[in-house]
Amino acid sequence: MRDVSRTLPEEILITGGSIYDPATGKSRKSDIGVKQGVLVAPDAVQTDSATSIDATGCIITHGLIDIHVHFREPGREDKENLQTGARAALAGGFTRVCMMPNTNPPIDSPEVVRSLLEKGADLPVQINVIGAITREQKGVELAELLEMYAAGVVAFSDDGMPVENGQVLRNALLYARDLGIPIINHAEDTHLRADGVVNQGALSTRLGLPGNPVEAEASMIHRDLLLAGETDARLHVPHVSTALAVELIRKFKGQGVRVTAEATPHHLGLTEDTLTGFNTNAKVAPPLRAEKDRQAIVAALVDGTIDCIATDHAPHTVDEKEHDMINAPFGMIGLDSAVGMAFTVLRQAGLAVEQIIDLFTSGPAAVMGMELTPIEEGAPVELVIINPDENWTYGPEDIYSRSRNTPMLGMNFTGRVSAAITSKGWFCRS
Amino acid sequence: MGDKTISIKHLVGLEGVSRDDIRIILDTGFTFREVLERPIKKVPTLTGINVVNLFFENSTRTRISFELAEKRLSADVTSFSAAASSVKKGETLKDTVQNIHAMKMDAVVMRHPVPGAAIQLSHFVDAVVINAGDGTHEHPTQALLDMLSLQEKFGYLEGLKVGIIGDISHSRVALSNIFGLLAMGAKVTLCGPGHLIPPHVSELGVEVNGDVDEVIEWADAVNVLRIQRERMGVGLIPSVREYRSQFGISLERLSRHKKELIVLHPGPINRGVEIDSEVADSDQAIILDQVLNGVAVRMSVLFHLLKPREEMEAA
Ligand SMILES: [Zn+2]
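Treat the numbers as computed from the prediction; the structure is a model and nothing was measured.

K.L.:
Is there a simple way to think about the sheet that holds strand β17 (residues 308-309) of chain A in this case?
P.N.:
Strands in a sheet are paired, the pairing made by backbone hydrogen bonds, and the direction either parallel or antiparallel. Residue and element names in this part refer to chain A. On the basis of which strands lie adjacent, the open sheet formed by 8 strands has the order β8-β9-β10-β11-β12-β15-β16-β17 and parallel pairing. In the strand order of this sheet, the two ends are held by β8 (64-69) and β17, each with one partner. Sheet analysis places strand β11 (residues 155-157) next to strand β12 (residues 183-184), joined by 2 bridges and oriented parallel. Bridged to Ser 157 within β12 is Ile 184. Across the sheet, helix α2 (residues 110-120) lies against β9 (94-99) and β10 (126-131), angled at about 170 degrees from β10, the strand it touches most.

This is how it looks when you write it as structure tokens:
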């Protein structure tokens, strides 16, 4: 049933599953009830009138958290808006998201922050806002970081654009340190990247496309790590795509630098080979890389060098993606396929289901300094139900975003979201 | 003529095209070469077939060569030139596709500034797609005419040693030559300033050597690429003087090597930069043969991609 964000039933009874609480790391086999948006004991709901969810074989856990989404509001609501973005998030099992500020106008003032938080307040998914580091994301003058913090931002980023000027980034790190929130720098040396649209290597050469070298990412991450160490500020590295970057993060983390990092489902599951045939839906920044990079990212998720999974959900219209490889925009949607891809790849890599859930819950919460909602009687409901063993093929009918730009259609996954429930709405597949 | 058929449906590039297909195209190219030397140069082969030449980038030579090939085969020809700016302005490939549908074209010859454009187009249209150059990706008919010229000169391609000299990274002809020559069993060495050699290119099966004299010593033939003026002074090529002295094919340089070396150039030539006039106009250069072979090989490509289709429709 393609029904999302419908009004939460008065009472829900979830039976047959086991509950995993990432806040405590504990699992228990138990039924659980929801009454007026609050968790209750199973016998506190009326069995005959309650909506029942059969969670046999499933894990009931904290709603997933995606700290990197592009919801395109304000400015490009034809691609996505808060409502459609929230719908896609919930269908993907996410109950909280952090919106990147590269909108039009960018989220670089407290006014825009407040208006978005207000608009998002009633949605079934918690909308968090990341403020721009610099005015209009131009990388030159700092935006009103303190004002935006007062308005409620959870982090700062010029995502989509790197902060090229080291002094500007250092100043931002110092501001953010005192506020206790992270700076997220989209790390790509724009001169090394140049016109690069795909990973630089044998494939870019074969396709005749300008390549984006791994050093473009790694060299800027290296600079950022040095500055984070020197300022003792918190740096969060988004969408790590290269083995080189993984190595650097591992090294500096080991030295006690306060760095966290995220990987996207596409960088952990796909390689540059997806671009053979010039598929513009696989054009993304940073680009899909070589198999050895993909393996390094998986290994970094396994050993904790990378703290969490974030989708970098980046919707674009079909028209724009039907451009040629140079003129098509960068980015792919990711909310509704994230669990499928991550569970499939990471379970094969040896991670337990609970560990993968941590990468989607306690991991990102720690990056953003968020509290998890306890899974206990009396707490507001914020749950996702995942069947880790369900095999499915990702098809057009699984897309809940307003856009459809993804190279993953037709892929087979193991692990699927059955339902996601918050006190303001729910998604249920059956 | 050409009772053999090729297995490809479009000619978007030479990557992955079999030796047999290339052999058939070249053989028929020689036949058309003879036609072109007759008093009456026209054959009725493609009567009633609609071909559109779609040029999103200026390339007078390639366009004229295709138009001539199409007319010699009696096809109905429409040519359409759009400024590259219309590509930037947001005329998507899809718009192009819809226009082709509306015009009911049997074949599209497309020149486009962006790599992959011809392959993308072939996914969207029923018409036969012939790539007349897609940016720095492929330019298959150029490589076929180069191979036809080499075959004509040497009588063989298998084992032939070919150097490609110049700005390989920004060349629209290098990749197709590499794929085509390797498919035919030739050996290829690339030569140019290190930053103008595409990364990891040796994985394609070619050698790379930055010393032009060593390459000349090794090669049976060299294909000298045009140095684009717009690469000068933007940090890619510091000066004409330096490029010429390090990589230019001058008479003086060639005379130091006591050997017969055949010289190709895809044109247009920057005389005095990548090649000297004395070399370009000498007997060892087969640049003018390349021009005539260009028409012949394009006739062959059009013939093989469109003739079977016409016969099937008639049947
Ligand atoms: Zn980014």
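K.L.:
Where do I start with the sheet that holds strand β2 (residues 18-21) of chain A in this structure?
P.N.:
All names here are of chain A. Pairing within the open sheet is mixed, and its 6 strands lie in the order β3-β2-β7-β18-β19-β20. Only two strands of the sheet have a single partner each, and these edge strands are β3 (26-29) and β20 (425-428). Across the sheet, the axes of successive neighbouring strands diverge by a mean angle of 30 degrees, strand direction being ignored. Pairing analysis gives 4 bridges linking β2 to β3, with the strands arranged antiparallel. Among the inter-strand pairings, Ser 18 is bridged to a residue of β3, identified as Lys 29. Helix-sheet contacts for helix α1 (residues 82-91) involve β19 (412-422) and β20, and the interaxial angle to β20 is about 55 degrees. In the packing of helix α12 (residues 338-348) onto the sheet, the strands contacted are β18 (382-393) and β19, and the crossing angle to β19 comes to about 130 degrees.

K.L.:
What exactly am I supposed to notice about the confidence of the model for chain B here?
P.N.:
Detailed reading of the predicted coordinates is not advisable wherever pLDDT falls low. Mean pLDDT over chain B stands at 90; residues scoring 70 or higher make up 92%. Across the interfaces of the predicted complex, the ipTM metric reaches 0.89, alongside a pTM of 0.92.

K.L.:
Looking at this model, I keep getting lost on the coordination of the zinc ion. Mind explaining?
P.N.:
Ideal geometry at a metal centre gives angles of 109.5 degrees when four donors are arranged tetrahedrally and 90 or 180 degrees when six donors are arranged octahedrally. All names here are of chain A. Donor atoms from the polypeptide that bind the zinc ion are Asp 159 (OD), His 186 (ND1) and His 239 (NE2), placed at 1.9 to 2.2 Å. Within one chain, the residues donating to the zinc ion are spaced in sequence as D-x26-H-x52-H. Of this pair, Asp 159 sits in the loop between β11 and α4 (166-179) while His 186 is found in the loop between β12 and α5 (190-193), placing the two residues 27 residues apart along the sequence. A relative accessible area of 3% means that His 186 is categorised as buried.

K.L.:
Where do I start with unusual backbone geometry in this structure?
P.N.:
Residues other than glycine predominantly adopt negative phi, and peptide bonds predominantly adopt the trans conformation. Residue and element names in this part refer to chain A. At the junction of Ala 285 and Pro 286, the peptide bond is cis and its omega measures out at -10 degrees in the coordinates. Structurally, Pro 286 can be placed in the loop between α9 (265-269) and α10 (291-303). Phi at Gln 137 is positive, roughly 55 degrees, even though this residue is not glycine. With relative accessibility at 10%, the residue Gln 137 sits in the buried group.

The rules behind the values
Residues numbered from 1 in each chain as written. Chains lettered and ligands numbered in written order. Predicted model: local features only at pLDDT ≥ 70, side-chain atom pairs only at ≥ 80, totals over all residues. Heavy atoms only, no water. Pairing = 2+ DSSP bridges. Helix = DSSP H or I, 4+ residues; strand = E, 2+ residues; numbered from the N terminus. Contact = heavy atoms within 4.5 Å. Axes fitted to C-alpha atoms, helices over the stretch in contact; angles between N-to-C directions. pLDDT = per-residue confidence, 0-100. Donors = N, O, S within 2.8 Å, 3.2 Å for Na, K, Ca; no water. Buried < 20%, exposed > 50% of the residue type's maximum accessible area, 1.4 Å probe, protein only.

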